[in-house]
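A structural walkthrough
Here is how the chains run, residue by residue.
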Number of protein chains: 2
Amino acid sequence: MSHKELPLVLVLGSPLVLTMFEDRFTQRFRILKASDSDLPLDQFLASSSHARSATALLCAGFRVSGETIGQLPSLGLVVTASAGVNHIDVSECRRRGIVIADSGESLSEDVADMAVGLLIDVCRKISAADRYLRKGNWAAFGDFPLAASKLGGKRVGIVGLGRIGSEVAKRLEVFGCKISYNSRKKKDSVTYPFYIHVHELAANNDAIVVCCGLSDQTRHMIDKKVLLALGKEGVIVNVARGEVINEKEMIQCLLQGEIGGAGLDVFEDEPNVPKELFGLDNVVLSPHNAVLTPDSFESLCEVTIRNLEAFFSKKPLLSELVRVEI
Amino acid sequence: MSHKELPLVLVLGSPLVLTMFEDRFTQRFRILKASDSDLPLDQFLASSSHARSATALLCAGFRVSGETIGQLPSLGLVVTASAGVNHIDVSECRRRGIVIADSGESLSEDVADMAVGLLIDVCRKISAADRYLRKGNWAAFGDFPLAASKLGGKRVGIVGLGRIGSEVAKRLEVFGCKISYNSRKKKDSVTYPFYIHVHELAANNDAIVVCCGLSDQTRHMIDKKVLLALGKEGVIVNVARGEVINEKEMIQCLLQGEIGGAGLDVFEDEPNVPKELFGLDNVVLSPHNAVLTPDSFESLCEVTIRNLEAFFSKKPLLSELVRVEI
């Protein structure tokens, strides 16, 4: 097949998976990057008949607005190389009958591993103790002063029991944690106790792990009221999106000792991490790193390409988005 | 029962469990602390007929030498409030028919949690990334530069598949790790592949987790040869005793990039941590913290008291040491 005969994929933004595995994509698809044009996106789309003829769009975190979708009359598929779809106007896609495919299972394990790692770290003070040792304080001032708490027996509430949340639950069970969850609705496939309100989930658990998608319904869903219900010993872990938590209120709760600790992979205004968090030993900070292992990117590349190939050959997609978790 | 009628327990050193739960012990036993005397231990034992009449001895990390045991003609039990027994002259106890009881299951879960926490931290660079963020580097210099590696699919070799090693294996299996082990001999109770030599275990795994007891056989068992077999991407986690690893050779391997990283809860000369480790981002340092949660100390107190009570009422001990793991 000559290059011109390859199916066209319009790319918005600079998906890392494309940068890392460019050859694999260009062998299979004619890649048209909006970012190669100096024009603003709307002008580029207005001026490029090629772009407007695209039936498939590839993105990662880049905002795909209703207006952008409106400029693409032939669009049938949006593939995002990410676990979340909060950057995509999902309603507009639905309305137009445009299918969305995401990262599928490829990133769930890594995100779940990170969630468990952050929870262990906060409970057992691993990063804080590491800092203590690197300063030479153990020899100089004696034992590390912060009390750790045991993982086993902890009641852990999962916010959003989708692919990632389920992997987190599976892992924590083997540590002896007692799992419950909050989700849009009760799942028949699991026996974990279900709480319809996240406030109730927080009130009945020692820790909560936020794994849900970001949507209008989940934005700032974890606010001061929920955190106060979690309580002074309670730990919150967030591997979803920063905006699911009201960050200002969380910081106030941490500074005032209203919650016990936090393990945060995501923030409201990345890469700007609120400086108030830098001095806290009951907090572990991670730079939206939950999915950044090479193995995962390999899987992500695979699933992204297979979704595109399936679409062009009119076969079922590998990871069609049915609904947004929570 | 009056205080004088309570059974006598001689205490060497200052077991933390006794400090934390003194009342629970003094309600049940007449506690005689060698540390209350100003005399050196051998002189105290020579001068105190009470001490010499003791049938039970309680310790934690304090050295119980053959000479000390020789001064205690009535001794029938040594209870140590610790997971390891390397501070006790086990051979001399054996020869004299003195029974040893240790912490039993009470600390295994915490140590295993810490081992998994350290492994996730080293693989996913949690503490290193946390330091990066606290310096404000994410906003200033962009993405955290160190590549993480995925836990799932990793081949992990457990050194010493005793109570702790088994708990580590159980946890790591759920992350998708492939477990194998090295131990004094093959265990019929598990199906994990067995390597008779630790060198072979290292050569066939991506990470090794050291969980064995310290003995003359295991001292410096992990040396340069073993670490070179583990390889440039290999990770070592130690929650056993610092002396199981030849620390100098490990540091050389880390500095020269001969191994990929290390998660260390124990060191050869605690609390002195070799300064060469302080600057390394592929290392996580923990101050012998694996068992320091209040919940575990509660369990440790329980098992220690129950072992003493069982001994005095001639019942089977809760956690009699049958043999030292590796």
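On a predicted model such as this, the values are computed, not experimentally measured, just so you know.

Next up on the list: the confidence of the model for chain A. On average, residues of chain A score 94 in pLDDT, and 98% of them are at 70 or above. Scored as a complex, the prediction yields pTM 0.87 and ipTM 0.86.

Attention shifts here to empty space enclosed by the protein. Residues and elements named next belong to chain A. Overall, the coordinates contain three cavities of 30 Å³ or more when judged by the stated rule. Lining the largest cavity we find Asn238, Gly242, Ile245, Glu247, Met250, Leu264, Val266 and Phe267. Looking at the lining of the largest cavity, its residues break down into five nonpolar, two polar and one charged.

This brings us to the nonpolar core. For soluble globular proteins, the rule of thumb is that nonpolar side chains tend to be buried together. Residues Phe25(A), Ile158(A), Phe25(B), Ile158(B) and Phe175(B) are the most contacted members of the largest nonpolar core, which totals 113 residues. Tyr132(A), Phe144(A), Ala229(B) and Cys253(B) belong to the second largest nonpolar core, which has 39 residues in total.

What follows concerns the interface of chain A and chain B. With 53 residues of chain A at the contact, the number on the chain B side is 53 residues. Buried area between chain A and chain B, both sides added, is near 4,500 Å², and the carbon and sulfur share of it is 61%. Considering only the surface of chain A that becomes buried against chain B, Arg124(A), Arg134(A) and Trp138(A) emerge as the three largest contributors, covering 18% of it. There are eight salt bridges connecting chain A and chain B. The residue Arg124(A) makes a salt bridge to Asp110(B) at a minimum N-O spacing of 3.9 Å. Taken together, chain A and chain B are joined by 17 residue pairs in polar contact (both at pLDDT 80 or more). Those elements that provide at least two residues to the side of chain A that touches chain B are helix H7 (108-124), helix H8 (126-134), helix H9 (137-141), helix H10 (163-174), strand S11 (283-285) and helix H14 (294-312) of chain A. Top contributing element to the side of chain A that touches chain B by residue count: H7(A), with ten residues. Residues belonging to the side of chain A that touches chain B are distributed by class as follows: 28 nonpolar, twelve polar and 13 charged.

Residues and elements named next belong to chain B. In spatial order, the strands read S7-S6-S8-S9-S10-S11; together these six strands make up an open sheet with parallel pairing. The sheet terminates laterally at strand S7 (178-182) and strand S11 (283-285), the two strands that pair on one side only. Here the strands of the sheet are splayed against their neighbours by 15 degrees on average, with no regard to which way each runs.

Let us now look at the UniProt feature "domain: D-isomer specific 2-hydroxyacid dehydrogenase NAD-binding" (unreviewed entry) in chain A. The UniProt feature table records "domain: D-isomer specific 2-hydroxyacid dehydrogenase NAD-binding" (unreviewed entry) at residues 116-290 of chain A. In residues 116-290 of chain A, the share of helix is 33% and the share of strand is 14%. The end C-alpha atoms are 11 Å apart.

The subject of this paragraph is the domain arrangement of chain A. Residue and element names in this part refer to chain A. What the domain assignment reports for chain A is domain 1 (8-105 + 294-322) and domain 2 (107-285). Placing the centre of domain 1 and that of domain 2 at their C-alpha centroids yields a distance of 32 Å. Each side of the interface is counted separately: domain 1 has ten residues, and domain 2 has eight residues. For the pair domain 1 and domain 2, the summed buried area comes to about 850 Å², and 45% of that belongs to carbon and sulfur atoms. Summed over the three residues of domain 1 that lose the most area to domain 2, namely Asn86, Glu105 and Ser296, the buried surface amounts to 58% of that side. Inspection of the domain 1/domain 2 interface yields one salt bridge. For Arg163, the salt bridge goes to Asp102, with nearest N and O atoms at 2.8 Å. Between domain 1 and domain 2 we count six residue pairs in polar contact (both at pLDDT 80 or more) in total. Of the residues assigned to the side of domain 1 that touches domain 2, the class counts are two nonpolar, six polar and two charged.

Attention shifts here to the relation of the copies chain A and chain B. With an RMSD of 0.0 Å, the fit of chain A onto chain B corresponds to turning through 180 degrees and sliding 0.0 Å along the axis. Classification of the inter-copy transformation places it as that of a two-fold axis. Ranked by how close their C-alpha atoms come to the rotation axis, the residues of chain A are headed by Ser127(A), at 2.5 Å. Most of the interface of chain A is mirrored in chain B, where 100% of its interface residues are also at the interface.

As a further point, take helix H8 (residues 126-134) of chain B. For H8(B), the tally of buried residues reaches nine of nine residues, placing the bulk of the element in the interior. Restricting attention to buried positions, one finds in H8(B) the residues Ile126(B), Ser127(B), Ala128(B), Ala129(B), Asp130(B), Arg131(B), Tyr132(B), Leu133(B) and Arg134(B). Those residues of H8(B) that are buried lie in contact with H7, H8 and S11 of chain A together with helix H7 (108-124), helix H9 (137-141) and S11 of chain B. Just downstream of H8(B), Gly136(B) is the residue with a positive phi angle, here 80 degrees.

Rules used in this analysis
Residues numbered from 1 in each chain as written. Chains lettered and ligands numbered in written order. Predicted model: local features only at pLDDT ≥ 70, side-chain atom pairs only at ≥ 80, totals over all residues. Heavy atoms only, no water. pLDDT = per-residue confidence, 0-100. 1 Å grid on protein atoms, 1.4 Å probe; cavity = no way out; pocket = protein on both sides within 12 Å on 5 of 7 lines; lining within 4 Å. Points joined across faces, edges and corners; volume = space filled by probe spheres on them. Nonpolar A, V, L, I, M, F, W, Y, C, P; charged D, E, K, R; others polar. Core = buried A, V, L, I, M, F, W, Y, C linked by side-chain atoms within 4.5 Å. Buried < 20%, exposed > 50% of the residue type's maximum accessible area, 1.4 Å probe, protein only. Contact = heavy atoms within 4.5 Å. Buried area = accessible area lost by both parts, 1.4 Å probe. Salt bridge = Lys/Arg side-chain N within 4 Å of Asp/Glu carboxyl O. Polar contact = N/O pair within 3.5 Å; in protein donor to acceptor, adjacent residues only side chain to side chain. Helix = DSSP H or I, 4+ residues; strand = E, 2+ residues; numbered from the N terminus. Pairing = 2+ DSSP bridges. Axes fitted to C-alpha atoms, helices over the stretch in contact; angles between N-to-C directions. UniProt positions renumbered as here; feature names shortened; annotations may be inferred. Domains from an automatic or database assignment. Least-squares fit on C-alpha atoms with pLDDT ≥ 70 in both.

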